[in-house]
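Architecture at a glance
Chain by chain, the residues run as shown.
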Amino acid sequence: MPAARAATPGIAPGGDIPPGAATDAPLTSGSALEPGAPLTSGSTVDSDTVPKPGGDLESSATPRFRTARDPGTAPESDSAPATGTAPGSETARGPGATPSSTPTTGTTPLPSTTPTTSTTPATGTTPASTDTPSTTTPRFLARAALVTASLSVAGALLGLVRDQTLAQLFGAGRDTDAFLVAWTVPEFAATLLIEEGLAFALIPAFSAALARRAQGAPGDPVRALVAGSLPRLSLAFAAVGALCAAAAPQLVGVLAPGLPDPALAVDCTRLTATCVLSFGLAGYCSAALRAHGRYLAPAAIYVVYNIGIVVAMFALGGRWGVRSAAFGVAAGGCLMVLVQLPDLVRRLRDPRAPRTVSGNGAGSRPVDVALMATVLLFGLCRQSQVLIERFFASQLPAGAISHLNYAQKVAQIPMMLSMMLCTVTFPVVARAIADGDTERARTRVERDLAVAACLVLLGAAAVVACAPQMVHLLFQRGAFTAADTAATADVMRVYALGLLGQTLTGVLVRSYFSAGRPTWYPLAAMAAGITVTSGIGAGTIGRWGVTGIAAANAAGITVTSVLLLAGMASRSVPVRVRGVLRELSRPLAAAAVAALAGAFAAGLPAVPLAGLLAGGTTVTVVFVLLGHALGAQGCTTAVRFVRTLAGRLAHAVLR
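Counting starts from 1 at the beginning of each chain's written sequence and moves along it residue by residue. The model is predicted, so local features are restricted to residues of pLDDT at least 70 and side-chain atom pairs to those at 80 or more, both for listing and for counting; the totals for chains, interfaces and linings are taken over all residues. Side-chain measures were taken over the full set of non-hydrogen atoms in the model, leaving aside hydrogen atoms and water.

**Comments concerning the overall build of the protein**
Along the backbone of the protein there are 24 helices and two strands. Contacts are residue-level and defined by heavy atoms, with any inter-residue pair within 4.5 Å sufficient. Contacts in the protein between residues at least 24 apart in sequence constitute 78% of all its contacts with a sequence separation of at least 6. Surface accessibility of the protein: about 27,200 Å² in total, with carbon and sulfur atoms responsible for 65%. Counting from the N terminus, the helices are the DSSP runs of H or I reaching at least four residues and the strands are the DSSP runs of E reaching at least two. Computed by Shrake-Rupley with a 1.4 Å probe, the accessible areas treat only the displayed protein chains as cover when residues are assessed.

Shown next, in the form of structure tokens:
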């Protein structure tokens, strides 16, 4: 019988084999097995982390075969020797490992037809960790993406309910403009502390700690990381929040110097400033849980957040006016922490993890201060686009800020949905980098770019085609008039032109920070984009008003995405840039044709709902079919899924 091939750590299915890895080593006792290979005494079996059917994405005991320890790590002594290993055999130890001090004994191998698990770890190995990088399996990623997308869609829908409630109760006038200036604080906090900045630093740090735990590092690197970082970050969050509340008058004066009622904006800003602490803690919990392969609680944070705001507006709006929305922001931030805290505590108290935390921090690698500075400055620079927009819009007639806000919220839904996959796969890329598997990281990033581009371009085509119908159905009631609908729809269509750039920026910047090392290139690329936004905005506001501001936003973020993609080969995960550009051109062409066809179809019915259905259906069909014909990955997958589903339905009906 031909010798079985030893499994090589860090190689994803279909991935390339790292240089120097053993590929044809004969399998003897003590070696790891591939699934389906015969198992002899001394082989090791550990658990994979896969979702339980119908439950949360958590660890369950599904056997798989793997190497007992990563190559190149020094073995630890164990009290019991392994059986079935020939004296002097090196197969139980990785290349370059120090020979074990405890000799092994040779026995007759068990029959290969009967898989047997070894209850005693082999000499020179460490017990399998529950934090192995098995969350990279396609099934797990698919279910994690489904959970994240489902709850994110629910959160986005509740966000629309929030905006509808704001429009219905307070319209698009001075009060709403004042609240939206205060809304800048939670917008910045969400980007810096939950969605991007803090996550870019913490997820690689937790991934590295989990990798070191799996390699048998002394103490518990994960708990040591929490003990060394959480108290300091909490103090910093509280200090910044207090500073924002105290400097609220100055902030309002800088953000919106032409605001008619700055006092109301100051009151709202002081209430929303509390979210700096709550969002910081929520972002910390989200990063830790995602690195552990837990996605349910982090995906639910915007559901409870928007519920808190909507309830506060209905309960307190009659008495407090628009200040009730600001109070809802403060309450919703607390709910974001509470919904994640129990799961995080369970992860940290996991009895399968080591209980000892090294007192001198030897088991942990603290979050790099320079890394934290680069990711926060990048997030701050990116979010400053909102500051530029509101600064220019405050000089326009009342309601301009509100039109920009409503248009942006609806137009960015496709981008948010397309980024769900990257939210799930960012810990996968970070863990691949931590394990030294560059090929797996590159394949994952290229696939994410292709799929995310298809999703966001389909949504962008739908927004361009059906913007008036969307705004009419969502907002035109109460104090929100037909004139507000027309102005918001025009801005939405222009915003949609920058959605591809927004999505590419979100995907690519995660790759730059996935290694957990500081890099200033993303900040420089974002600064170049902000410069373009400011210049175009200043030159077009007098002629085009809010539409010119939206065009400046789209142009600036597109420049940033181009610069980030150009720098990937030498500064980040080495993706094949030309191949990525070829892949992006296919759905881009399909989206342009689909938007034109959808706009024509949406304009035929007089009823907005019928127009939205006609336009949306036309956009989807044209985009998917044309994209499939052009060879776009996302469209090809969608067509294959439809064919498979149709075949199953036909089989079920005709059998």
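Okay, back to it.
**Some thoughts on helix α16 (residues 438–475)**
In this model, α16 (38 residues) spans only 47 Å end to end at C-alpha, well below the 56 Å of a helix rising 1.5 Å per residue. Taken as a whole, α16 carries its principal kink of about 80 degrees at Cys466; the proline Pro468 stands between one and four residues after it. Relative accessibility thresholds used throughout: buried, under 20% of the residue-type maximum; exposed, over 50%; partly exposed, between the two (1.4 Å probe, protein chains only). Counted residue by residue, α16 has 28 buried out of 38 residues, so it is predominantly covered. Take the number of residues in a helix, subtract one, and multiply by 1.5 Å to get its expected span. Note on bend: at a given residue it equals the angle between the axes fitted to the 7 residues ending there and to the 7 starting there.

**What to know about the environment of Arg212**
Its location among the elements puts Arg212 in helix α4 (residues 197–214). Owing to a relative accessible area of 17%, Arg212 belongs among the buried residues under this scheme. For the pair Arg212 and Val222, spaced 10 residues apart in the sequence, the C-alpha separation amounts to 8.8 Å.

**Overview of the environment of Ser384**
Mapped onto the secondary structure, Ser384 falls in helix α12 (residues 369–393). A residue is classified by how much of its surface remains accessible, and Ser384, at 15% relative accessible area, is buried. Once the C-alpha coordinates of Ser384 and Ile530 are considered, the two residues, 146 residues apart in sequence, prove to be 7.7 Å apart. When sequence neighbours within four positions are dropped, the list of residues in contact with Ser384 reads Phe188 and Ile530.

**Considerations on the packing of helix α19 (residues 521–544) against helix α20 (residues 546–566)**
Contact pair α19 / α20: the axes reach a minimum separation of 7 Å and the direction vectors enclose 160 degrees. It follows that α19 is roughly antiparallel to α20 by the angle criterion. Here the hand of the crossing between α19 and α20 comes out right-handed. Gly is placed with the polar residues, together with every amino acid not listed as nonpolar (Ala, Val, Leu, Ile, Met, Phe, Trp, Tyr, Cys and Pro) or charged (Asp, Glu, Lys and Arg). Grouping the constituent residues of the contact of α19 with α20 by class yields 17 nonpolar, nine polar and no charged. The axes used here are C-alpha line fits, helices contributing only the stretch in contact, and every angle between their N-to-C directions lies in the interval 0 to 180 degrees. Any angle between 65 and 115 degrees counts as roughly perpendicular, while under 35 counts as roughly parallel, over 145 as roughly antiparallel, and the rest as oblique. By convention, the crossing between two helices is left-handed when the near helix turns anticlockwise from the far helix through less than a right angle, and right-handed when the turn is clockwise.

**Here's the deal with helix α23 (residues 608–630)**
The end-to-end C-alpha distance of α23, which contains 23 residues, comes to 32 Å, matching closely the 33 Å that a straight helix rising 1.5 Å per residue would cover. Buried residues of α23: Gly611, Gly615, Val619, Phe623, Val624 and Gly627, and no others. The first or second residue beyond α23 is Gly631, which carries a positive phi of 90 degrees.

**Points about the pattern of salt bridges**
By definition, a salt bridge exists where a carboxyl oxygen of Asp or Glu is found within 4 Å of a side-chain nitrogen of Lys or Arg. Using the criterion set out here, one finds 12 salt bridges in the structure. Among the salt bridges present, the one from Arg213 reaches Asp220, with a minimum N-O distance of 2.9 Å. In this pair, the class of Arg213 matches that of Asp220, namely buried. Salt bridges sharing partners connect three or more residues here, namely Arg213, Asp220 and Arg223.

**Considering the packing of aromatic side chains**
Aromatic pairing here means that ring centres of Phe, Tyr or Trp (its six-membered ring) are within 6.5 Å. Orientation follows from the plane angle: under 30 degrees is stacked, over 60 is edge-to-face, and everything else is tilted. Overall, the coordinates contain 13 aromatic pairs when judged by the stated rule. With a centroid separation of 5.9 Å and an interplanar angle of 65 degrees, the aromatic rings of Phe391 and Phe392 are classed as edge-to-face. On the basis of relative accessibility, which here comes to 35%, the residue Phe391 falls in the partly exposed class. When the ring of Tyr512 is compared with that of Tyr521, the centres are 5.8 Å apart and the planes differ by 25 degrees; the resulting orientation is stacked.

**Looking at the packing of helix α17 (residues 482–496) against α20**
Contact geometry for α17 and α20: axes closest at 8 Å, N-to-C directions at 15 degrees. As summarised for this structure, α17 and α20 are arranged roughly parallel, according to the angle between their axes. Once α17 is placed against α20, the crossing between them reads as right-handed. Of α20, the residues touching α17 (which contributes Asp490, Val491, Val494 and Tyr495) are Val546, Thr547, Ala550, Ala551, Asn553 and Ala554. Considering only residue class, the contact of α17 with α20 consists of seven nonpolar, two polar and one charged.

**What to know about the state of the cysteines**
When two cysteine sulfur atoms lie within 2.5 Å, the pair is treated as a disulfide. The full count for this structure, using the stated rule, is zero disulfides. Its sulfur unpaired, Cys454 is 4.4 Å from the next cysteine sulfur, which belongs to Cys635.

**What to know about the nonpolar core**
Ranked by size, the top nonpolar core spans 148 residues in total, and within it Leu166, Phe179, Phe206, Phe279, Phe475, Met492 and Phe623 carry the most contacts. The dominant element in this core, judged by the number of residues it contributes, is α16, at 19 residues. Each residue touching Met492, except ones within four places of it in the same chain, is listed here: Ala407, Val410, Ala411, Val463, Ala467, Met470 and Val471. The next biggest cluster of nonpolar side chains, apart from the first, holds seven residues, and it includes Leu141, Ala145, Val424 and Val428. Buried Ala, Val, Leu, Ile, Met, Phe, Trp, Tyr and Cys residues that are joined via side-chain atoms within 4.5 Å together make up what is termed a nonpolar core.

**Side note on the confidence of the model for the protein**
Low-confidence regions, as indicated by low pLDDT, have predicted coordinates that should not be scrutinised in detail. Across the protein, pLDDT averages 76, with 75% of residues at or above 70. Known as pLDDT, the predictor's confidence for each residue is given on a scale from 0 to 100. When the criterion is pLDDT under 50, residues 1–133 qualifies, and its contacts beyond four places in sequence or with other chains add up to 210 contacts. Note on residues 356–364: pLDDT under 50 across the span, and 15 contacts to partners over four residues away in sequence or across chains.

**What about the environment of Thr547?**
Locating Thr547 in the fold gives a position in helix α20. Residues Thr547 and Tyr495, spaced 52 residues apart in sequence, show a C-alpha to C-alpha distance of 8.6 Å. When sequence neighbours within four positions are dropped, the list of residues in contact with Thr547 reads Asp490, Val491 and Val494.

**Here's the deal with the side chain of Ser324**
Examined against the element boundaries, Ser324 turns out to sit in helix α11 (residues 323–348). Apart from the residues within four sequence positions on either side, Ser324 is in contact with Phe170, Ala312, Met313, Leu316 and Gly317.

**Description of a nonpolar patch on the surface**
Two distance rules govern patches: like charges are joined within 9 Å, and nonpolar side chains (Val, Leu, Ile, Met, Phe, Trp, Tyr) within 5 Å, applied only to residues with over 30% relative accessible area and no salt bridge. On the surface, Leu473, Val607, Leu609 and Leu613 cluster together into a nonpolar patch covering about 350 Å² of accessible area. Locating Leu473 in the fold gives a position in helix α16. Taking the relative accessible area as the measure of exposure, Leu473 reaches 30% and is therefore partly exposed.

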